[in-house]
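Residues per chain are reported as follows:
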Amino acid sequence: MTERPARRLLAVSAAISIAAGVFVLGNAHSTDRGRDDLSEKDRKRVAAVTALATDFSKAEQYEAMSGGAATSLASVNINSFSHFSENITFEEEETFKLGNALFQKLWVSSPSSTQASDGLGPLYNARSCQTCHIKDGRGHPPEGAAEATSMFLRLARAARTPEDETALKDLREMSLPDPIYGRQLQDLAIPGLKAEGRMVIDYTEEPVTLAGGEVVTLRRPRYSVAGLAYGDLDATTTLSPRVTQPMLGLGLIQAIHEADILALADPDDADGDGISGKAAVAIDPATGKKALGRFGWKAQSATVRQQSADAFAFDIGLSTPEVPLHQGDCTPAQTACLERPNGVQTRLGDAEAPPPVMDLVTFYAENLAVPARRKASFAETLNGKRVFYETGCTRCHQPKFVTRRDADNKAHAFQLIWPYSDFLLHDMGEGLADGQAVGVATGREWRTPPLWGIGLTKTVNGHTFFLHDGRARNLTEAILWHGGEAQAARDRFAALEKQDRDALLTFLESL
């Protein structure tokens, strides 16, 4: 697979045209030079080391170190996603462990006899971060009678007024909440309140025949809500199922220079390869300015802190300085919910999760290490890597980046990392469409998810459910669901001989 020359030659600019208008990065620097954090010598080094591989006879230098010097070298086991970055300081290890304790902390409803542990809900999906992000890994759809804690339904309605449309255009609202149920369906509630409802999934089976006659059965989900406790959903409200994503490598992703991600964007498909890729845009609460979105299924968050604050508010029902909603996702229509006491401790601040809590949890989330690769130099893995490239997967799953020299944390600075994502939005076709626009992402667009750590999903989380709603029960099914911009790569995979398909899967399992 050759490099995308036209895309690589596109001028890197911090001002890019998108459907919502013109986006200028709030922290943009010298746009004519791209990487403003590097000397000319370093730019050449970075260009050389991040060029796509052409030799598949051996592993690339440092290829097994997916997270650079931050890579975890610990033994592979159920805790493989929960180790701290290898290159943080001894003092930072203490900060990480304190953040871990808060990440696992079970919150309770207010008032309570605990100190600074109340404020849960009143309506919520989980009592702790760890409950959703099981072992810091991947969530899954509910199975049988099991609860759906690691999967939830995002709610969004259509604009009704010019004010609604302006709020969406200006990104003051990434989506509009249901007038009764808010932005997320909460399936749990504190004593004295009713949960909002529960998610219902119905699957239909669809066979797909691959080259050589192998038949794979895909399951197509249909989503609805049962037991609505506060009336009907708005007629225009859409349901978007989301499983929780792995937490590893978030600080490294945050340290990728904006210019390197924008250089991969081709929103108008100027190079004619059928793959566009659009930069997501978000408002950074810390600055109030537009910034590159890179976290979440639709890249709706610009920073790890923003993503964490949204989770506190809408998953657990806790206010933060970034999202000061003391009653979480309760709406004006849910008066009994709004009347419940909150858990603000004035001696600690004006939020239920005040700045010290947010600082520790954010540091923890930013420093969960990526595990080292397994069998990166094995012949079967290298053969699968070749197939991965030739099939066109690297056109969205960009293998590697070198992070900023001036990253906020030295542990994240100037690291060669291998996330296998371009962190852009892509139209994935009608089969994966949720019909829900978020920010500049349409109802058919999703951020390319990083692939690092994907081969350890079974080890850590005990399952192999993939995609935004866990419909795919293994990697083969996940690939076969690709459509839209990824349709050609999907079709090439389906047309491969079985030994090449197996080799590609072996490569993915090594990540």
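About the thresholds
- Along each chain, numbering runs from 1 in the same order as the chain's sequence is written.
- Given that this is a predicted model, residues contribute local features only at a pLDDT of at least 70 and side-chain atom pairs are listed and counted only at 80 or more, while totals for whole chains, interfaces and linings are drawn from all residues.
- Only heavy atoms go into the side-chain values, all of them from the structure, while hydrogens and water stay out.
- Put simply, two rings from Phe, Tyr or Trp (the six-membered ring, in Trp's case) pair if the centres are within 6.5 Å, and we call them stacked under 30 degrees between planes, edge-to-face over 60, tilted for the rest.
- In this description a helix means any DSSP run of H or I spanning at least four residues, a strand means any run of E spanning at least two, and both kinds are numbered starting from the N terminus.
- For every residue, the accessible area obtained with a 1.4 Å probe (protein chains only) is divided by the maximum for its type, and the residue is called buried under 20%, exposed over 50%, and partly exposed between those limits.
- Charge-over-ring contacts are defined here by two conditions on Lys NZ or Arg CZ: a distance within 6 Å of the ring centre and an angle within 35 degrees of the ring normal.
- The set of buried Ala, Val, Leu, Ile, Met, Phe, Trp, Tyr and Cys residues whose side-chain atoms join them within 4.5 Å is what this entry labels a nonpolar core.
- Note on contacts: a residue pair qualifies if any of its non-hydrogen atoms lie within 4.5 Å across the two residues.
- Note on definitions: angles span 0 to 180 degrees between N-to-C directions of axes, and those axes are lines fitted to C-alpha atoms, for helices only across the stretch in contact.
- The scheme is simple: roughly parallel for angles under 35 degrees, roughly antiparallel for over 145, roughly perpendicular for 65 to 115, oblique for anything else.
- Amino acids outside the nonpolar list (Ala, Val, Leu, Ile, Met, Phe, Trp, Tyr, Cys, Pro) and the charged list (Asp, Glu, Lys, Arg) are all regarded as polar, and Gly is one of them.
- The arc in question is the one traced by the directions running from the helix axis out to the C-beta atoms.
- Two strands form a pair only when DSSP identifies at least two bridges running between them.
- The predictor attaches a confidence to each residue, called pLDDT, with possible values from 0 through 100.
- The term salt bridge refers to a pairing of a side-chain nitrogen on Lys or Arg with a carboxyl oxygen on Asp or Glu at a separation within 4 Å.
- Contacts described as polar in this section are N or O atom pairs within 3.5 Å, which, within protein, must combine one atom able to donate a hydrogen with one able to accept it, while residues neighboring in sequence count only if both atoms come from side chains.

## Concerning the packing of aromatic side chains
Here is step 1: Within the structure shown, the criterion is met by 10 aromatic pairs.
Here is step 2: Judged by centre distance (6.4 Å) and plane angle (90 degrees), the rings of tryptophan 297 and tryptophan 446 are edge-to-face. Taken together, the positions of tryptophan 297 in the loop between β10 (289-293) and α8 (304-316) and tryptophan 446 in strand β14 (residues 445-447) put the pair 149 residues apart, joining distant regions of the chain.
Here is step 3: Note on phenylalanine 388 and tyrosine 420: the rings are 5.8 Å apart at their centroids and 80 degrees apart in plane angle, and the pair reads as edge-to-face. Highlighted residues: phenylalanine 388 in helix α11 (residues 379-390) and tyrosine 420 in the loop between β12 (416-417) and β13 (425-427), separated in sequence by 32 residues. In this structure, phenylalanine 388 and tyrosine 420 share a single accessibility class: buried.
Here is step 4: Of the aromatic side chains, those joined through ring pairs into one cluster are Phe84, Phe96, Phe103 and Tyr364.
Here is step 5: The ring of tyrosine 203 carries the charged tip of arginine 219 above its face, separated from the ring centre by 4.2 Å.
Here is step 6: Just above the ring of phenylalanine 414 sits the side chain of arginine 405; from NZ or CZ to the centre is 3.7 Å.

## Some remarks on the nonpolar core
Here is step 1: Counting 53 residues, the largest nonpolar core has Leu250, Ile261, Phe312, Ile316, Phe401 and Trp452 as its most contacted members.
Here is step 2: Elements that contribute at least two residues to this core include exactly α3 (90-104), β3 (123-124), α6 (250-254), α7 (258-262), α8 and α10 (355-366).
Here is step 3: In this view, tryptophan 452 contacts Ser66, Gly67, Leu248, Gly249, Leu252, Ile253, Val370, Ile417, Trp418, Pro419 and Leu511; residues no more than four positions away in its chain are not counted.
Here is step 4: Counting residues in each nonpolar core, the second largest holds 52 residues, with Met199, Phe466, Leu480 and Leu511 among its members.

## Focus on the packing of α11 against helix α15 (residues 498-510)
Here is step 1: In contact at an axis separation of 7 Å, α11 and α15 are set at 105 degrees when each is read in the N-to-C sense. Classified by the interaxial angle, the pair formed by α11 and α15 is roughly perpendicular. For the pair α11 and α15, contact is made by Glu380, Thr381, Asn383, Gly384, Lys385, Arg386, Val387 and Phe388 and by Gln499, Asp500, Asp502, Ala503, Leu504, Thr506, Phe507, Leu508 and Ser510, respectively.
Here is step 2: Residue composition of the contact of α11 with α15, by class: six nonpolar, six polar and five charged.

## Quick word on helix α2 (residues 40-50)
Here is step 1: When we look at burial in α2, the residues that qualify are Asp42, Arg43, Val46 and Thr50. All buried residues of α2 lie within an arc of 105 degrees about the axis, which places them on one face of the element. Counted as exposed and oriented over 90 degrees from the buried face of α2: Lys41, Lys44 and Ala48.

## Some thoughts on the pairing of strand β7 (residues 215-226)
Here is step 1: As defined by bridge partners, strand β6 (residues 198-209) adjoins β7 across 12 bridges and the pair is classed as antiparallel. Counted as the bridge partner of methionine 199 is valine 225 from β7.
Here is step 2: Count of turn residues in the β6/β7 antiparallel hairpin: five residues, of which glycine 212 carries a positive phi of about 90 degrees.

## Some details on the confidence of the model for the chain
Here is step 1: Per-residue confidence for the chain gives a mean pLDDT of 92, with 93% of residues at or over 70.
Here is step 2: Scored below 50 in pLDDT, residues 1-32 makes 73 contacts in the model with residues more than four places away or belonging to other chains.

## Topic: the pairing of strand β8 (residues 238-243)
Here is step 1: For β8, a buried count of five out of six residues is recorded, marking the element as mostly surrounded by other parts of the structure.
Here is step 2: Alignment of strand β4 (residues 151-156) against β8, held across six bridges, turns out to be antiparallel. Across the sheet, residue alanine 156 finds its bridge partner in β8, namely threonine 238.

## Overview of the pattern of salt bridges
Here is step 1: One pass over the structure, following the stated rule, counts 32 salt bridges.
Here is step 2: Between glutamate 206 and arginine 220 there is a salt bridge, and its shortest N-O distance comes to 2.5 Å. One end of the pair, glutamate 206, is in strand β6; the other, arginine 220, is in strand β7, and 14 residues separate them in sequence.
Here is step 3: Here the residues in one salt-bridge network are Glu60, Glu63, Arg373, Lys385 and Lys400, joined through shared partners.

## Focus on the side chain of arginine 501
Here is step 1: Its location among the elements puts arginine 501 in helix α15.
Here is step 2: The class of arginine 501 is buried, set by a relative accessible area of 3%.
Here is step 3: Polar contacts involving the side chain of arginine 501 include one to the side chain of glutamate 214, which spans 2.8 Å.
Here is step 4: For arginine 501, the contacting residues outside a window of four places in its chain are Leu210, Ala211, Glu214, Phe493, Ala494 and Leu496.

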